[in-house]
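# Residue-level structural notes
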Amino acid sequence: MRLQMVDLQGQYQKIKNEIDTSIKNVLESAAFVNGAPVKEFACHLEKFMGTKHVIPCANGTDALQIALMALGLEPGDEVIVPAFTYVASAEVIGLLGLIPVMVDVDTRTFNVTLENIKQALTSKTKAIIPVHLFGQSCDMEAILDFAKRHGLFVVEDNAQAIGAIYTFSNGKRCQTGTMGDFGCTSFFPSKNLGCYGDGGALMTNDDVLADRARMIANHGQKVKYHHKVIGCNSRLDTIQAAVLDVKLKYLNEYNLARNEAARYYTSGLKNVEGLVTPEEKTYSTHVYHQYTLKIEGGKRDALKKFLEEEGVPTMIYYPLPLQEQEAFRKIARPTGDLSVSGELPSSVLSLPMHTELTREQQDIVMERIKKFVF
Ligand SMILES: *Cc1c(COP(=O)(O)O)cnc(C)c1O
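Calculation rules
Residues numbered from 1 in each chain as written. Predicted model: local features only at pLDDT ≥ 70, side-chain atom pairs only at ≥ 80, totals over all residues. Heavy atoms only, no water. 1 Å grid on protein atoms, 1.4 Å probe; cavity = no way out; pocket = protein on both sides within 12 Å on 5 of 7 lines; lining within 4 Å. Points joined across faces, edges and corners; volume = space filled by probe spheres on them. Helix = DSSP H or I, 4+ residues; strand = E, 2+ residues; numbered from the N terminus. Nonpolar A, V, L, I, M, F, W, Y, C, P; charged D, E, K, R; others polar. Buried < 20%, exposed > 50% of the residue type's maximum accessible area, 1.4 Å probe, protein only. Pairing = 2+ DSSP bridges. Right-handed = clockwise from strand over helix to strand, strands pointing away. Domains from an automatic or database assignment. Buried area = accessible area lost by both parts, 1.4 Å probe. Salt bridge = Lys/Arg side-chain N within 4 Å of Asp/Glu carboxyl O. Polar contact = N/O pair within 3.5 Å; in protein donor to acceptor, adjacent residues only side chain to side chain. Near = heavy atom within 4 Å. Areas by Shrake-Rupley, 256 points an atom, 1.4 Å probe, with all protein chains shown as cover. Sits in = over half its atoms within 2 Å of the grid points. Contact = heavy atoms within 4.5 Å.

### Looking at the layout of surface pockets
What the largest pocket holds in volume is close to 710 Å³. In this structure, the largest pocket is lined by 25 residues; those nearest its centre are Asn34, Ile55, Pro56, Arg214 and Asn218. Of all the secondary-structure elements, those providing two or more residues to the lining of the largest pocket are α2 (36-49), β1 (53-57), α7 (207-217) and β10 (221-223). Per-element tally for the lining of the largest pocket: the top contributor is α2, with five residues. Its residues placed into classes, the lining of the largest pocket shows 11 nonpolar, seven polar and seven charged. The computed volume of the second largest pocket comes to approximately 540 Å³. Residue lining of the second largest pocket: 28 residues in total, with Tyr86, Gln160, Phe188, Lys191 and His289 positioned closest to the centre. Sorting the residues of the lining of the second largest pocket by element identifies α3 (60-70), α4 (88-95) and β8 (182-186) as the ones contributing at least two each. A class-by-class count of the residues in the lining of the second largest pocket yields 13 nonpolar, 12 polar and three charged.

Set out below in structure tokens:
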């Protein structure tokens, strides 16, 4: 039994019949671009998320780019983004000539907090991109309130947290990705809702923004061959939509399986000295795109190597914070104390986490971790 970070083959085998039929229908219809399943999936996802508009596009990075384009930001405008995230969250800011203002994250949740964001506010700040890292929501009530008071847009990077639920202090519950002006997600195969190639989507409750985003994703046209603005060509393939429409039905089940696996890890590892298990906040459910430990005492690399030799794969998300990436050196404005983002890359370690993980596999992972001398 080979341990894997993710097991997409095992997941496919369980729904093979449904998926194969769904793909075959697309092949037979030959409607490879903008076929009926694209719209059907978008409608089903709107219902699932409780959002007015889902705008499918080619990938999660495009979704973020299209969101920023639709908000009408001007070159030189500042966008606040966490320094500890996947590059895409900040890359699109730079790509559009906007200034990525990188801020630190919380050392326990790995997410940006209002405290981090506050320090970065200037007269040029126009938007915030909170990233719901590893599957748990940022504290959106505080962030949304701050954004409203200062007239800032909020674009949620929900690529890792689709299906997570945030609870406001008045008891109102919202899916992550549906609270900001836009929510953006990715259907990259290993994401919690993954297709069999690339895919992504934007979510919004605003009719005007939805209209603009749809137009931008389609070469800036509403009427064919009449281009109102410079847009891009970003579509979700019909085949991918057909796959996603099947998998969406299982998303809650998948997220539950991840959450249960996480609980099992945490119950087995929480008392191991030298390890810090993930913190779950009461305001958010956690859909565990990653199960990420912090390893104390400078032992992370030694533990990773030890586990590798023992046949246990692990990953480092992320090995370099954005403020240290060469690509951003000339354009970014890192702000304030970035010590947590600077430190996490040398202490985090993500364990195998997927929908097919068995207790037996987890027992092996944990037994090997405990074998390591901290
Ligand atoms: C995966 C991911 C993206 C980008 O998604 P792609 O579909 O690969 O373009 C953006 N942000 C975060 C946090 C991600 O994990």
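On we go from here.
### Digging into the pairing of strand β3 (residues 99-103)
For β3, the tally of buried residues reaches four of five residues, placing the bulk of the element in the interior. Of the pairings in the sheet, the one linking strand β2 (residues 78-82) to β3 comprises five bridges and is parallel in character. Pairing of Ile80 across the sheet is with Val101, part of β3. In this fold, the crossover linking β2 to β3 by way of α4 has right-handed handedness.

### Observations concerning the domain arrangement of the protein
In terms of domains, the protein is made up of domain 1 (8-103 + 111-248) and domain 2 (251-371). One C-alpha centre belongs to domain 1, the other to domain 2, and the line joining them spans 24 Å. Overall, the association of domain 1 and domain 2 removes approximately 3400 Å² of surface from exposure, summing both partners, and the carbon and sulfur fraction of that is 59%. Per-residue buried area on domain 1 facing domain 2 is highest for Phe84, Met102 and Phe134; these three make up 24% of the total on that side. Along the contact surface separating domain 1 from domain 2 lie one salt bridge. Ionic pairing is found between Glu356 and Lys14, a salt bridge with its closest N-O pair at 2.6 Å. Summed over the shared surface of domain 1 and domain 2, the number is 19 residue pairs in polar contact (both at pLDDT 80 or more). Secondary-structure elements contributing two or more residues to the side of domain 1 that touches domain 2 are α1 (8-29), β2, α4, β3, β6 (165-167) and α8 (238-248). Residue contributions to the side of domain 1 that touches domain 2 peak at five residues, all from β3. Of the residues that constitute the side of domain 1 that touches domain 2, the class distribution is 24 nonpolar, 14 polar and six charged.

### Thoughts on the site of the ligand
Among the 13 residues in the neighbourhood of the ligand, the closest are listed as Gly60, Thr61, Asp157, Ser186 and Lys191. Between the ligand and the protein, one listed contact pairs an oxygen atom with a backbone N or O atom of Gly60 at 2.8 Å. Protein contact buries 92% of the 380 Å² of open area that the ligand shows by itself. Spatially, the ligand is embedded in the second largest pocket. Looking at the shell around the ligand, the elements that each hand over two or more residues are α3 and α4. For the shell around the ligand, the residue count by class is four nonpolar, seven polar and two charged.

### A few points about the side chain of Ser341
In this fold, Ser341 is placed in helix α11 (residues 339-343). What makes Ser341 buried here is its relative accessible area of 0%. Engagement of the side chain of Ser341 in a polar contact is seen with the side chain of Asp104, the distance being 2.6 Å. If we ignore the near neighbours within four places in the chain, the residues touching Ser341 are Ala83, Phe84, Val103, Asp104, Val105, Pro321 and Gln323.

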